[in-house]
Amino acid sequence: MTTLLQDTELQQHLSTTITIPIPSDSVIISKVELQELKQQQLKGLYWTMKDLEARVNRKHEWIKDNILYPPTFKKILDVDQGGFVFYPKSKGQTWSFHALKMAEFLDKNFEHIFSEK
């Protein structure tokens, strides 16, 4: 006589306790808390073009050509259209970027900014 056995998954569990020392100058926080802290650093902060160059690791010419002047991005970014970037209107005026909103924009649009046109 042959008995047919149904194939079932057997799971084994091992339970253990380990101790991981945390240096006194360190703390453990959740990813959510870390993100909130990063955002707090940028609240109320404005970047110059030099700051943006450092963040993007590109020169201002590239930033203008690939981020600031393409019409799709400009209508989102330009403060005159409800955005968070001040576009200089005359000589002597400087660029100004709302740091938190610009950082979020860069993260959200990374793929579009750096994709081959």
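Since the model is a prediction, treat every value here as computed from it, not as a measurement.

A word on a nonpolar patch on the surface
1) Next: Taken together, the side chains of Val27, Ile29, Leu34 and Leu37 define a hydrophobic patch exposed on the protein surface, amounting to about 370 Å² of accessible area.
2) Next: Secondary-structure assignment places Leu34 in helix H1 (residues 31-42).
3) Next: We classify Leu34 as partly exposed; its relative accessible area is 39%.

Quick look at the pattern of salt bridges
1) Next: Per the stated rule, a full pass over the model turns up two salt bridges.
2) Next: One salt bridge connects Lys50 with Glu53, and the closest N-O pair in it is separated by 3.8 Å. In this pair, Lys50 and Glu53 both sit in helix H2 (residues 49-56), three residues apart, roughly one turn of the helix.
3) Next: With relative accessibility at 12%, the residue Glu53 sits in the buried group.
4) Next: The closest approach of N and O atoms between Lys89 and Asp80, which form a salt bridge, is 3.0 Å.
5) Next: Classification of Lys89 as exposed rests on a relative accessible area of 51%.

Considerations on the confidence of the model for the protein
Should the pLDDT be low somewhere, the predicted coordinates at that spot are not to be read in detail.
1) Next: Scored by pLDDT, the protein has a mean of 89; 90% of the residues are at 70 or more.
2) Next: No element of the protein has a lower mean pLDDT than H1, which averages 84, and none a higher one than strand S2 (residues 85-86), which averages 98.

A word on the nonpolar core
1) Next: Residues Ile67, Leu68, Leu77 and Met102 are the most contacted members of the largest nonpolar core, which totals 22 residues.
2) Next: Listing elements by their share of this core, those giving two or more residues are H2, helix H3 (60-68), helix H4 (71-77) and helix H5 (99-108).
3) Next: With six residues, the single largest contributor to this core is H5.
4) Next: For Leu77, the residues in contact, after removing those within four places along its chain, are Ile67, Leu68, Gly83, Phe84, Val85, Tyr87, Met102 and Phe105.

Digging into the sheet that holds strand S1 (residues 46-47)
1) Next: Here we have three strands laid out as an open sheet, ordered S1-S3-S2, and antiparallel in their pairing. At either margin of the open sheet sits one strand with a lone partner, and together these are S1 and S2.

Observations regarding unusual backbone geometry
1) Next: Positive phi is not limited to glycine here, since Asn57 has a value of about 60°.
2) Next: Note on placement: Asn57 falls in the loop between H2 and H3.

Quick look at the environment of Phe105
1) Next: Take Phe105: it is sitting in helix H5.
2) Next: Separated by 32 residues in the primary sequence, Phe105 and Phe73 have C-alpha atoms spaced 9.6 Å apart.
3) Next: Beyond its immediate stretch of four places on either side in the chain, Phe105 contacts Ile67, Phe73, Ile76, Leu77, Phe84 and Ile113.

Reading the values: the criteria
Residues numbered from 1 in each chain as written. Predicted model: local features only at pLDDT ≥ 70, side-chain atom pairs only at ≥ 80, totals over all residues. Heavy atoms only, no water. Patch = residues over 30% accessible without salt bridge, like charges linked within 9 Å, V, L, I, M, F, W, Y side chains within 5 Å. Areas by Shrake-Rupley, 256 points an atom, 1.4 Å probe, with all protein chains shown as cover. Salt bridge = Lys/Arg side-chain N within 4 Å of Asp/Glu carboxyl O. Helix = DSSP H or I, 4+ residues; strand = E, 2+ residues; numbered from the N terminus. Buried < 20%, exposed > 50% of the residue type's maximum accessible area, 1.4 Å probe, protein only. pLDDT = per-residue confidence, 0-100. Core = buried A, V, L, I, M, F, W, Y, C linked by side-chain atoms within 4.5 Å. Contact = heavy atoms within 4.5 Å. Pairing = 2+ DSSP bridges.

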